[in-house]
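# Structural features, examined
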Amino acid sequence: MNNRPTILITRPMKSGDPTEYTYQWGEQISNMVKEYGYNLIDIKKNDVTYQNVSQLLDKHHPRLYIHIGHGCPASLQGQKECIITRRFEMDELLSMQNFREIVMPLIYASGCKSSCMSTPDICNPLCINDTNLSLLKGTIVYTIACYSSLQLGKCAVKYGTDCYVGFNDLMLFPVDDKGSQDIFKNVHVTFIKELLNGKTIEEAEQQTNKYEDVLIKFYIDTKYISLPLLWNKIYRRVLGNREARIYT
């Protein structure tokens, strides 16, 4: 081990799923991290579990955490379960129609504690568990996933995450036999490479924006490429400390 910062990557992969492609993106990113001499922890496929990710975050306190997979407003998703979750506040639970009509009577009948104990799925709103977001305190998070900056990212910053980069909506990319999906991979590689070179989040985003603008202009007549590129640029969010960098 050296004194370079630690970088944690999680990349699930499911058959017949977009993660078949993003998993390969992760291969290039992990190789790039190693080439730059960082301490890399690369968690793949069935090892991408809530327990494994939580334990590794707690033990290694990575400076940069990169998730390449699925996400939603409440969580980042691993191979079979959520791996990073935000806590549902009571007012959110009460606003859920099914929660008011179905879940609340069950809780009153059985007691919240027993309901939680009987619900192993940590994503289930019946279980108002503590979030593991506190394990990301002081970390820069970069997500290649849909929706997670909408709520999870905001919550992460409140829990002390230094900076959270993600998408406020769907993260789009086309797939074809020409390899168009790799155009979208290269956008993420550009952002991450800037961070590996010691640039701030702000500087990395600016460089990525310029690269996206070149691509959008080049593919302006190929709408199935240019429009998703523009969409992703619009819905990418940088939350928290824009002056954060991996090392100084």
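The structure displayed is predicted, hence computed values, not measured ones.

### Regarding the packing of helix H8 (residues 201-218) against helix H9 (residues 223-235)
Where H8 meets H9, the closest approach of the two axes is 9 Å, and the angle between their N-to-C directions is 160 degrees. The orientation of H8 relative to H9 falls into the category roughly antiparallel. The two elements H8 and H9 meet at a crossing, and its hand is left-handed. Here H8 contributes Asn209, Glu212, Asp213, Leu215 and Ile216 to the contact with H9, which in turn contributes Ser226, Leu229, Leu230 and Lys233. Of the residues contributing to the contact of H8 with H9, the split by class is 4 nonpolar, 2 polar and 3 charged.

### Quick look at helix H2 (residues 50-60)
Think of an α-helix as turning once every 3.6 residues; residues three or four places apart then point the same way. Taken together, the buried positions of H2 are Val53, Ser54, Leu56 and Leu57. Each buried residue of H2 lies within a common arc of 165 degrees when the element is viewed along its axis, so the set occupies one face. Exposed and oriented more than 90 degrees from the buried face of H2 are Gln51 and Lys59. Positioned one or two residues after H2, His61 has a phi angle of 45 degrees, which is positive.

### Focus: the environment of Lys80
With respect to the element layout, Lys80 can be found in the loop between strand E5 (75-77) and strand E6 (82-85). Assessed through its relative accessible area of 76%, Lys80 is described here as exposed. Separated by 67 residues in the primary sequence, Lys80 and Met13 place their C-alpha atoms 10.0 Å from one another.

### Observations regarding empty space enclosed by the protein
Applying the stated rule across the entire model yields 1 cavity of 30 Å³ or more. Roughly 40 Å³ of volume is contained in the largest cavity. Taken together, Phe167, Phe184, Val187, His188, Glu212, Leu229, Asn232 and Arg236 make up the full set of residues lining the largest cavity. Of the residues forming the lining of the largest cavity, the biggest block, 3 residues, is contributed by helix H7 (residues 181-196). Residues that form the lining of the largest cavity fall into these classes: 4 nonpolar, 2 polar and 2 charged.

### Comments concerning the packing of aromatic side chains
Following the criterion strictly, the structure yields 5 aromatic pairs and no others. An angle of 55 degrees between the planes, with centres 4.8 Å apart, marks the rings of Trp25 and Phe173 as tilted. Here Phe173 lies in the loop between strand E8 (163-167) and H7 and Trp25 lies in helix H1 (residues 19-35), a separation of 148 residues in the sequence. Taken as a pair, Trp25 and Phe173 share a single burial class, namely buried. Judged by centre distance (4.5 Å) and plane angle (40 degrees), the rings of Trp231 and Tyr235 are tilted. Here Tyr235 and Trp231 lie together in helix H9, a separation of 4 residues that amounts to about one turn. Tyr235 sits in the partly exposed class, given a relative accessible area of 24%. Looking at Arg4, its charged tip hangs above the ring of Tyr38, at a distance of 4.3 Å from the centre. Directly above the ring of Tyr23 sits Arg11, whose terminal nitrogen or CZ lies 4.4 Å from the centroid.

### Things to note about the sheet that holds strand E4 (residues 70-72)
Pairing is antiparallel in the open sheet, where 3 strands are placed in the order E4-E5-E6. The strands lining the two open edges of the sheet, one partner per strand, are E4 and E6. Neighbour-to-neighbour, the strand axes of the sheet open up by a mean angle of 20 degrees, direction not taken into account. Where E5 lies against E6, 3 bridges are found, and the strand directions are antiparallel. Looking across to E6, one finds that Gln77 is bridged to Cys82.

Procedures and definitions
Residues numbered from 1 in each chain as written. Predicted model: local features only at pLDDT ≥ 70, side-chain atom pairs only at ≥ 80, totals over all residues. Heavy atoms only, no water. Axes fitted to C-alpha atoms, helices over the stretch in contact; angles between N-to-C directions. Helix = DSSP H or I, 4+ residues; strand = E, 2+ residues; numbered from the N terminus. Parallel < 35°, antiparallel > 145°, perpendicular 65-115°, else oblique. Left-handed = near helix turned anticlockwise from the far one by under 90°. Contact = heavy atoms within 4.5 Å. Nonpolar A, V, L, I, M, F, W, Y, C, P; charged D, E, K, R; others polar. Buried < 20%, exposed > 50% of the residue type's maximum accessible area, 1.4 Å probe, protein only. Arc of directions from axis to C-beta. 1 Å grid on protein atoms, 1.4 Å probe; cavity = no way out; pocket = protein on both sides within 12 Å on 5 of 7 lines; lining within 4 Å. Points joined across faces, edges and corners; volume = space filled by probe spheres on them. Phe/Tyr/Trp six-rings, centres within 6.5 Å; stacked < 30°, edge-to-face > 60°. Lys NZ or Arg CZ within 6 Å of the ring centre and 35° of its normal. Pairing = 2+ DSSP bridges.

So, to be careful, I would describe these as geometric facts and stop short of saying anything about function.
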